[in-house]
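Summary of the model geometry
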Amino acid sequence: MAGRFDPRPTRTTVRGGHVYVPRQVPRPPAVAGRTRSWTPPWPLDLGLVLGPLRRGPADPSFRTTPDGAVWRASLTPAGPGTLRVSARGGVVQGAAWGPGADWLLEQLPRMLGELDEPDAFEPRHRVVALAWHRRPGLRLTRTGLVLESLIPSILEQKVTTDEAYRAWRLLVRKFGVPAPGPAPGRMHVMPEPRGWALIPSWEWHRAGVDNKRASTILRAVRVARRLEEAVGFEPVAARARLELVAGIGPWTSAEVVQRSHGAADAVTVGDLHLPGIVGYALVGDRDADDSVMLELLEPYAGQGAGQRHRAARFILLSGRTPPRRQPRMPRGDIGLL
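Attention in this report is confined to the structure presented alongside it. (Residues numbered from 1 in each chain as written. Predicted model: local features only at pLDDT ≥ 70, side-chain atom pairs only at ≥ 80, totals over all residues. Heavy atoms only, no water.)

1. Thoughts on the pairing of strand β4 (residues 79–88)
The buried fraction of β4 is high, at seven of ten residues. Examined bridge by bridge, strand β3 (residues 69–76) and β4 share seven bridges and lie antiparallel to one another. Note on β4: the bridge partner recorded for Leu75 is Pro80. Linking β3 back to β4 in an antiparallel pair, the connection comprises two residues. Relative to strand β5 (residues 91–97), β4 runs antiparallel, the two being bridged by seven bridges. Following the sheet pairing, Ala87 is matched in β5 by Val92. Count of turn residues in the β4/β5 antiparallel hairpin: two residues, of which Gly89 carries a positive phi of about 60°. (Buried < 20%, exposed > 50% of the residue type's maximum accessible area, 1.4 Å probe, protein only. Helix = DSSP H or I, 4+ residues; strand = E, 2+ residues; numbered from the N terminus. Pairing = 2+ DSSP bridges.)

2. What about the pattern of salt bridges?
What the rule picks out here adds up to 14 salt bridges. When the shortest N-O distance is used, the salt bridge between Lys174 and Glu203 registers 2.9 Å. Residue Lys174 is found in helix α5 (residues 161–175), and its partner Glu203 is found in helix α7 (residues 201–206); the two are separated by 29 residues along the sequence. Taken together, the shared-partner salt bridges connect Arg225, Arg226, Glu229 and Arg241 into one network. (Salt bridge = Lys/Arg side-chain N within 4 Å of Asp/Glu carboxyl O.)

3. Let's talk about the nonpolar core
Counting residues in hydrophobic clusters, the biggest one holds 42 residues, and the most contacted among them are Leu150 and Trp196. Contributions of two or more residues to this core are made by β3, β5, α4 (147–155), α5, α8 (211–222), α9 (224–228), α10 (235–242) and α11 (250–260). Apart from the residues lying within four places of it in its own chain, the contact partners of Leu150 are Ala220, Leu227, Leu242, Ile248, Thr252 and Val256. (Core = buried A, V, L, I, M, F, W, Y, C linked by side-chain atoms within 4.5 Å. Contact = heavy atoms within 4.5 Å.)

4. Some words on the side chain of Arg72
By the element assignment, Arg72 lies in strand β3. Overall, the relative accessible area of 7% leaves Arg72 in the buried class. Within the structure, the side chain of Arg72 is placed 3.5 Å from the side chain of Ser74, a separation counted as a polar contact. In contact with Arg72, not counting residues within four places along its chain, are Leu53, Ser61, Phe62, Gly81, Thr82, Leu83, Met111, Glu148 and Met187. (Polar contact = N/O pair within 3.5 Å; in protein donor to acceptor, adjacent residues only side chain to side chain.)

5. A few points about helix α14 (residues 308–318)
With respect to burial, α14 is a largely interior element, ten of its eleven residues being buried. All of the buried residues in α14 are Arg308, His309, Arg310, Ala311, Ala312, Arg313, Phe314, Ile315, Leu316 and Leu317. Each element contacted by the buried residues of α14 is listed here: α1 (46–50), α3 (126–134), α11, α12 (274–283) and α13 (290–297). One or two residues past the end of α14 sits Gly319, with phi positive at roughly 80°.

6. Some remarks on α8
For α8, built from twelve residues, the straight-helix expectation of 16 Å at 1.5 Å per residue is met to within 8% by its first-to-last C-alpha distance of 16 Å. By the burial criterion, the buried members of α8 are Arg213, Ala214, Thr216, Ile217, Ala220 and Val221. Looking down the long axis of α8, one finds its buried residues gathered within 160° of arc, a one-sided arrangement. For α8, the exposed residues set more than 90 degrees away from the buried face come down to Asn211, Lys212 and Arg222. (Expected span 1.5 Å × (residues − 1). Arc of directions from axis to C-beta.)

7. Comments concerning the environment of Arg259
With respect to the helices, strands and loops of the structure, Arg259 is situated in helix α11. Taking the C-alpha atoms as reference points, Arg259 and Val146, separated by 113 residues in sequence, lie 8.3 Å from one another. Side-chain polar atoms of Arg259 contact the backbone oxygen of Glu255, separated by 2.7 Å.

8. Let's talk about the sheet that holds strand β2 (residues 62–65)
The five strands are arranged β1-β5-β4-β3-β2 in an open sheet whose pairing can be described as antiparallel. On the outer flanks of this sheet lie β1 (34–38) and β2, each paired with one strand and no other. Across the sheet, the axes of successive neighbouring strands diverge by a mean angle of 20°, strand direction being ignored. Pairing analysis gives four bridges linking β2 to β3, with the strands arranged antiparallel. The residue of β3 that forms the bridge with Phe62 is Arg72. (Axes fitted to C-alpha atoms, helices over the stretch in contact; angles between N-to-C directions.)

9. Details of the packing of α4 against α11
As a packed pair, α4 and α11 sit with axes 9 Å apart at the nearest point and diverge in direction by 145°. Seen along the crossing, α4 lies across α11 with a hand that is right-handed. The segment α4 lies against α11, with Ser149, Leu150, Ser153 and Ile154 engaging Trp251, Thr252, Glu255, Val256 and Arg259. Across the contact of α4 with α11, the residue classes tally to four nonpolar, three polar and two charged. (Left-handed = near helix turned anticlockwise from the far one by under 90°. Nonpolar A, V, L, I, M, F, W, Y, C, P; charged D, E, K, R; others polar.)

As structure tokens, this is what we get:
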């Protein structure tokens, strides 16, 4: 259970997965790629929608640039691809490079929340209502990619966020491929399933990944095709497919379908911080456990197909988090052993 909701201001997840995107005039990149324009019929906040896809400020597959653009490097069904997204005047401009360019541009509206149904959501708590009112640009992303969210979620099991982010950064940079096109910085596309399978045991160790998490990733990539098929399933069925792999439980499957499926009801259970944040925000109980959290979020379970994850994100965005205590989980690095 990584500290995905560690209540420190440097964490993206403490604000519900919000990433700061500079509000500058978007400029086209110097190297032209395939392009697409799309006008969403609702307010759109790129930082809110795409923020949950960033795995730390140095994520090699995610960047924001001073011109107001968000860059993503993804391994698509068609191959590696780089996507640049910017928005101005209500119009989204997408540009993409690499073998996966066409796939990324086709997926763009869904990635920005086209299939999300926020109208089914009705705030039942004052703190949620205030956050909902202040964040009209929040929609749930749907990437259409399972492994892209699954592997970093496995890396985040039972370690601190910093440890998990470091492991993702080191492994993707060393064993991934450079992002196609004019991607800023040292952006990389994560390895293909076979690439993950060929990582030597000592490289997992150097990245601080214990044998349990490494073995779970290796089991997952062996059945990568079957797991990617879950994109076409309903979230509940997709989670069941993922949890057939030993080492993948409810925490991990929820973290995945929140991103791959835009699952509005896939609330994360088993998290170190989230129950306390929800409990504190709604009833002042910083020691709430999963059962208390689910009871508090129950009013949102019957809205449409369920809206408990959306409610949790608004709670995180409210900033109403309990005062910080001494960290419960010590930071470690097995790579130094």
